[in-house]
Amino acid sequence: MSMNMSTENTKLLQYKQLSIEVAAAEEEEEDNHTDQQKHSSLSSYPQPSLADQDENTIRQQSQNSFKRFHLHLMKYFQSTTYTSSLLHGCFLLGFFMASLHLLQLWRPAAVEHHHVHILPTVLSVRNNATGTGYVNSIDNFLYNEMKTAKFDVSSWNNKNNNDDKNNKNSPDQQQGGKEYNMKINKDVIEFHDDITVSWDSTKARDLDSVVALYCPAASSTGDDYDQFNPHMFVDAATKLQIHSTMLAQNLITDELTLDNMNYWTIPSFPIIKEDSCEFRLWSREETTTADGGNILVVYHLLDTTGPIPIQNGSNLPTTLHLALTDNKDEMLVHFSTGGGNDKSQNGNKIPMVLYGMGGKDLNVTTSQFNFGSTTTYHASDMCQSPANLQEPGKFSSPHLLHSVTMVDLEPDSRYYYKVGLLDRDEAKNMLDFEDQVVWSDVYSFQSPLSPGMNETRDGKPLTLIVYADQGVSGYGSGDDGDRIATFTQREVEENGIRVVHHFGDLSYAQGASHIWDIWLDMVSRFATSVPLMVGVGNHEYDHVAGGGIGRDPSGVITSGGYNPEWGNFGTDSNGECGVPTSKRFVMPANGNGVYWYSYDYGLVHTIMLSSEHDISPGSEQYLWLEMNLSSVNRTLTPWVILEAHRPMYMIEDIAPNTQIGIHMRQHFEELLQRYHVDLYLAGHYHAYFRSCPGLYKSRCNNGGLTHITIGTAGAELDSVPLLRKPWSAYFSAEWGYGRITVANATALLFEFVSDEDGLTKDSTWLFK
């Protein structure tokens, strides 16, 4: 009994002492903030209404008074002797719990904030309830039903077979069957084509009838319909969903009703890296099992378009994007093609690039060329479900992923290039291989500024675009991810942007593999002209199992990645654990792949960190960062910009994220101050925030740096209470992007540009 009482008394003393320290620290912080408010000017901070100010003032004064009362009372109890009895201890614990409750009455409660993650299907099918909301490919009722349903093709085979076996109406010999006349309006499909699939509406009136897309078509595999797996469709939609989809896309005429619905117009056929596809029309029937206990869903094949060729479907380079390397005279280009479902296929494929400064007429005799490397990944490489589930809406093969480096570039010069995939078996010699390659279009870029270059060749200052948290159309509440891509393209074309920085939460694929191709296709409109430098966020990497040695691309040896007890590093990647990101992007090789690295460009030294990995003192990332900062040549690159997905400072009242920011400050804020880092850029919060200048240890003008959060590239915006912090200078919950103009070695301009009207909503100058 005495031992138990002693243990309890010890715990109670520790608990009481911790509460005293926390209360004292909070009191000191509040006093510091009050002192800052007296001596710092934050005129750009959006002030609340007078009523809000009065309420905030009353709440703050009451909270501070209560904390001081609590602190003094706790010190009194600490001076008393109570170890001989549990009475004082019980009273103390009860008083402490009651005081915590009262404190909550004097401040808005921090909220748990969760965004709705909608991952559109391959054909962007809309919800049949509203006609505007996208169907979620990860949690799709139709997909789930068709996954376990029975498929019957016998009736279709019987109707389309005749006695002459050589002339049977099978799907690999004609487009469309006799009875339902299913067909497509093109003989050959190209990526992004506007296509229409049609059928006889008088014979397929059921709103539960389903049109499904299969790629490759049955004939491409040599299988007939009895052997082909009908469960492995690319996308599927009921007639009701098709009607809603076209309604949302303004593709329905007044005379088209659900009753006479007989076509599906797809305004842009997606990138599907196969040589053929086909559409099939299924009717739905509900029956009961033999014992009458369960409902069994059966889909009967009514008709098919038959195989429709895709022009160069498996050979055409797609999703091109540029990236910088370790060397100032290089530019790397990534692209993808079909093939590669079997690892043995990869050996004969050689990615290559033709490039030069002589215009678009590129050929092997007058242009430079280089060969690169190829990789891919499989469902088994992923860490958790749903990313490792090979079924509709989840994992699908990325096929072949290529990277080639253009070398020996003259600084700040216009280069033209095109890429393709060479088959070793088809290339007899180095003189005739050019005709054997399916080439991309010809693109151009401006080669990098050498470190120390003060301006571009045409006399303009270096300008960059920065943001985080994008996604694709349908992920957020609108098409703002696509709009940001369009604005970025305009910035490149009109304002000479040289580099785009995206620090995490890129595509939000989260296990739906096709989203990566949709997103990369979207950003390629500018990423073919300027390097896209990326980092990882929680939606690329975070997982809690399935990783570890040999599986985690970042080299973390624990199966759940980085998961400290104080964090909220959960399963936000839906099991991807960084695999697609590390395979689809190659960043400078001076750190740890796509996770942390650095590069010089003009007057700027940029460092990308991973907030999803350990960066506490002594960790691999911390030691690398310290080494990197200590080696920066501030004569050549006087500006140092550090980027990571999660911010150190933010005023949104989301307690778990605030706690992570505090730990990040404890881990490496001193390091940034010691080496005079100028700017810290982050995302994660879907809003724009700018701190006061010189921020260090929660105090403005304290020898620190400016912190900017810009998670506004398209993902659903935040809507949560805000904390009143004296180090906050500007906040806005709207979509937009950051634009950095490096005027010279002593002046840098940051602007926040809204995607609503393209106007600058906030700006700040940094001076040395």
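Use the structure listed above.
Residues numbered from 1 in each chain as written. Predicted model: local features only at pLDDT ≥ 70, side-chain atom pairs only at ≥ 80, totals over all residues. Heavy atoms only, no water.

J.: Can you walk me through the sheet that holds strand β24 (residues 679-682) in this structure?
T.: Hydrogen bonding along the main chain pairs the strands of a sheet, whether they run parallel or antiparallel. If you walk across this open sheet you meet the seven strands as β21-β22-β23-β24-β26-β25-β27, and the pairing is mixed. Two strands lie at the open edges of the sheet, namely β21 (597-601) and β27 (728-732), each paired on one side alone. On average, each strand axis in the sheet is inclined to that of its neighbour by 15°, with strand direction left out of account. Note that strand β23 (residues 639-643) and β24 share three bridges and pair parallel. Residue pairing in the sheet places leucine 642 in a bridge with tyrosine 680 of β24. (Pairing = 2+ DSSP bridges. Helix = DSSP H or I, 4+ residues; strand = E, 2+ residues; numbered from the N terminus. Axes fitted to C-alpha atoms, helices over the stretch in contact; angles between N-to-C directions.)

J.: Quick question: what am I supposed to make of the packing of aromatic side chains here?
T.: Two aromatic rings are characterised by how far apart their centres lie and by the angle between their planes. Evaluated as defined, the whole model comprises 24 aromatic pairs. Consider the rings of tyrosine 214 and phenylalanine 233, whose centres lie 6.4 Å apart with planes at 80°: the pair is edge-to-face. Here tyrosine 214 is found in strand β4 (residues 210-214), whereas its partner phenylalanine 233 is found in the loop between α6 (218-221) and β5 (235-238), with 19 residues between them in sequence. Assessed through its relative accessible area of 0%, tyrosine 214 is described here as buried. Note on phenylalanine 233: relative accessible area 4%, which makes it buried. Taken together through their ring pairs, the aromatic side chains of Tyr355, Tyr415, Tyr417, Tyr443 and Phe445 make up a single cluster. The ring of tyrosine 214 carries arginine 280 above its face, with NZ or CZ at 3.6 Å from the centroid. Across from the ring centre of tryptophan 639, 4.6 Å away, lies the NZ or CZ of lysine 768, which sits over that ring. (Phe/Tyr/Trp six-rings, centres within 6.5 Å; stacked < 30°, edge-to-face > 60°. Buried < 20%, exposed > 50% of the residue type's maximum accessible area, 1.4 Å probe, protein only. Lys NZ or Arg CZ within 6 Å of the ring centre and 35° of its normal.)

J.: Looking at this structure, how should I read the nonpolar core?
T.: Across soluble globular proteins, you tend to see nonpolar side chains buried next to one another. Grouped together as the largest cluster of nonpolar side chains are 126 residues, with contacts concentrated most on Leu625 and Phe668. At eight residues, helix α9 (residues 514-527) tops the list of elements feeding residues into this core. When sequence neighbours within four positions are dropped, the list of residues in contact with leucine 625 reads Ile607, Leu609, Ile615, Leu642, Phe668, Leu671 and Leu672. Judged by nonpolar contacts, the second largest core, of 33 residues, contains Ile189, Phe191, Val211 and Cys215. (Core = buried A, V, L, I, M, F, W, Y, C linked by side-chain atoms within 4.5 Å. Contact = heavy atoms within 4.5 Å.)

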